[in-house]
Structures are given as structure tokens and as C-alpha cells.
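The primary structure of each chain is shown beneath.
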Amino acid sequence: MRQPAVRLVRLGRVPYAELLGLQDRWLRRLQAEPGTEAPSGTEAGALLLCEPAGPVYTAGLRGGLTPEETARLRALGAEVRVTGRGGLATFHGPGQLLCHPVLDLRRLGLRLRMHVAALEACAVRLCELQGLQGARARSPPYPGVWLGDRKICAIGVRCGRHITSHGLALNCSTDLTWFEHIVPCGLVGTGVTSLSKELQRHVTVDEVMPPFLVAFKEIYKCTLISEDSPN
């Protein structure tokens, strides 16, 4: 049986708004397609990958930022956006891998909770491939992937009519001081970390992209197709 195909879109370092714009176009495309089960081997959507070009704070469906906090963060030189993902406030910026799978879960045989668990598994597997042991997902109310009480990867998704958007943000060489201005995901008493901090060397987004794609294909049991050649 052929594996479902997912189109791989690597944006490089781009403004966060560009990622959201492309995500919206893929959402409209998938929502316009028939809502029936698709045959195996068909295209299930797109995997959008990028590194944010500048600092951005985002709030989820549960809020997380008051008007006063929003003004304070903008005064720091950061963009502030309200998004449709689950969760509260978090930070995105240079040195971070953003992964937004826009997928019709029916074509992958997945339910929403399975999709979230698969995203967590991708981040854990990436850490292992980079030689970092001990990363794990935790039970609610601690979404994402952690090393002890330090979060290395945030996860927040949206799903409507079986079609997902948003995804994960994994800290590679992120300037972690940006997180000090918020309570990330509303979790008091927890910290954040990065691959660079844990491995004691500079780890770029470009470096982790190949092992992340290996993990994604393994865990989602799919084929990745780039715009110019099969992958």
C-alpha cells in the first residue's frame, strides 16, 4: 500500500506573517476539496517549515496577553499576534524551527490527539538524533516537549473539519531572554531551553532540518514531496 504524500514547503527565514499567509492558502485549498475519505497514496496536505525572521509573541485561543502586556511587548520591538491555535502566549523568533503541518488527518488515518502525540514524538526523535537524551512529552497541563522542567519545544494546533494548522516551535539557537517577558503557555515555575544550550554548541535551524524530516516521515508514515523533486 502506498504511503500518503505530504508536500514539503521550506520557506527559509521569513516574517511570521508570511508563514501564516501560506498556511491560510493551504487551509482554503484543503477545505475546498471533497470531504470524503481519500484513497491511500493521495496527497494529504503540506508541511510548512521556516525560521522566523524577527521576534513575535503570539496568543492562542485561550488568550494569554492583556492589552497592557501587548503594548509592553511591542515596546520591546517585537510583533504581537493573536492566532487561532490552542494554548496561551508564547514566543517565536530567529533560531527557532517552526513546523506547521496543514493536513487532512483522514488521509493519514489520524485523530487529533494522535496528531498532537505525533508532533511531540517528532521533537523527541529530533533531540535523540542530535544526541540529546531525556526529552519527553508530559501529561496535561504541560503540552510540548521537555527536558526536566525546561521546555524545548512548544506545541499548539488548530483543527477544523479534520484539517490541522499551526504545529510546533522548537528552540535551536533561540535567544531565550525573549521568554522572560511572558509566562510561556501560562505555566508558572517552568523554564525554557534550546538545543544549543543543552548541547553546549551552536545548533542552527538548517542543521536540524534534515533529521527533523527523517523523524516526520518515520512517525507520520508518509512520503514528503518537495516542489521540484520527490523526497
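See the structure shown above.
The following refers to the structure shown. (Residues numbered from 1 in each chain as written. Predicted model: local features only at pLDDT ≥ 70, side-chain atom pairs only at ≥ 80, totals over all residues. Heavy atoms only, no water.)

Bringing the overall build of the protein into the picture now. Across its full length, the protein holds five helices and 12 strands. Looking at the protein residue by residue over its 231 residues, the buried ones come to 50%. Of all intrachain contacts in the protein linking residues separated by at least 6 positions in sequence, the fraction that spans at least 24 positions is 75%. Counting only carbon and sulfur atoms, one obtains 52% of the accessible surface of the protein, whose full area is about 10,600 Å². (Helix = DSSP H or I, 4+ residues; strand = E, 2+ residues; numbered from the N terminus. Buried < 20%, exposed > 50% of the residue type's maximum accessible area, 1.4 Å probe, protein only. Contact = heavy atoms within 4.5 Å. Areas by Shrake-Rupley, 256 points an atom, 1.4 Å probe, with all protein chains shown as cover.)

Attention now moves to the packing of aromatic side chains. Within the structure shown, the criterion is met by six aromatic pairs. Lying across the ring of Trp-146, Arg-138 places its NZ or CZ 4.8 Å from the centre. (Phe/Tyr/Trp six-rings, centres within 6.5 Å; stacked < 30°, edge-to-face > 60°. Lys NZ or Arg CZ within 6 Å of the ring centre and 35° of its normal.)

All right, on to the side chain of Arg-107 then. By the element assignment, Arg-107 lies in the loop between β6 (96-103) and α3 (112-129). Under the relative-accessibility criterion, Arg-107 is labelled buried at 14%. A polar side-chain atom of Arg-107 sits 2.8 Å from the main-chain carbonyl oxygen of Glu-43. (Polar contact = N/O pair within 3.5 Å; in protein donor to acceptor, adjacent residues only side chain to side chain.)

A separate point is the nonpolar core. Phe-212 and Tyr-220 are the most contacted members of the largest nonpolar core, which has 40 residues in total. Counting residues per element, the ones that place at least two in this core are β1 (5-14), β2 (43-52), β6, α3, β8 (145-147), β9 (150-160), β10 (163-171) and α5 (205-220). (Core = buried A, V, L, I, M, F, W, Y, C linked by side-chain atoms within 4.5 Å.)

Here Ser-196 shows up in helix α4 (residues 195-199). Here Cys-172 takes part through its backbone oxygen, which lies 2.8 Å from a polar atom of the side chain of Ser-196. At 2.8 Å, the side chain of Ser-196 and the backbone nitrogen of Val-203 are in polar contact. Apart from residues no more than four positions distant in its own chain, Ser-196 is found in contact with Cys-172, Ser-173, Arg-201, His-202 and Val-203.

Take the pattern of salt bridges next. Under the criterion given, the structure shown has 11 salt bridges. Among the ionic pairs, Glu-128 bridges to Arg-125, the shortest N-O distance being 3.3 Å. Linking Glu-128 with Arg-125, this pair stays in helix α3, spanning three residues, or about one helical turn. Exposure remark for Glu-128: the relative accessible area of 35% places this residue in the partly exposed category. Salt bridges linked by common partners bring Glu-33, Asp-104, Arg-106 and Arg-107 together as one network. (Salt bridge = Lys/Arg side-chain N within 4 Å of Asp/Glu carboxyl O.)

Take Leu-224: it is sitting in strand β12 (residues 223-225). Between the C-alpha atoms of Leu-224 and Gln-3, which are 221 residues apart in sequence, the distance is 9.8 Å.

A few words now on α5. Note on helix geometry: an α-helix contains 3.6 residues per turn, so any two residues three or four positions apart are oriented the same way. Between the first and last C-alpha of α5 there are 21 Å, a value that for 16 residues agrees with the 22 Å anticipated at 1.5 Å per step. Of all the bends in α5, the greatest measures close to 30° and is centred on Pro-211. For α5, the set of buried residues is Val-205, Val-208, Met-209, Pro-211, Phe-212, Leu-213, Ala-215, Phe-216 and Tyr-220. Looking at the residues trailing α5, positive phi occurs at Lys-221, about 50°. (Expected span 1.5 Å × (residues − 1). Bend = angle between axes of the 7 residues up to and from the residue.)

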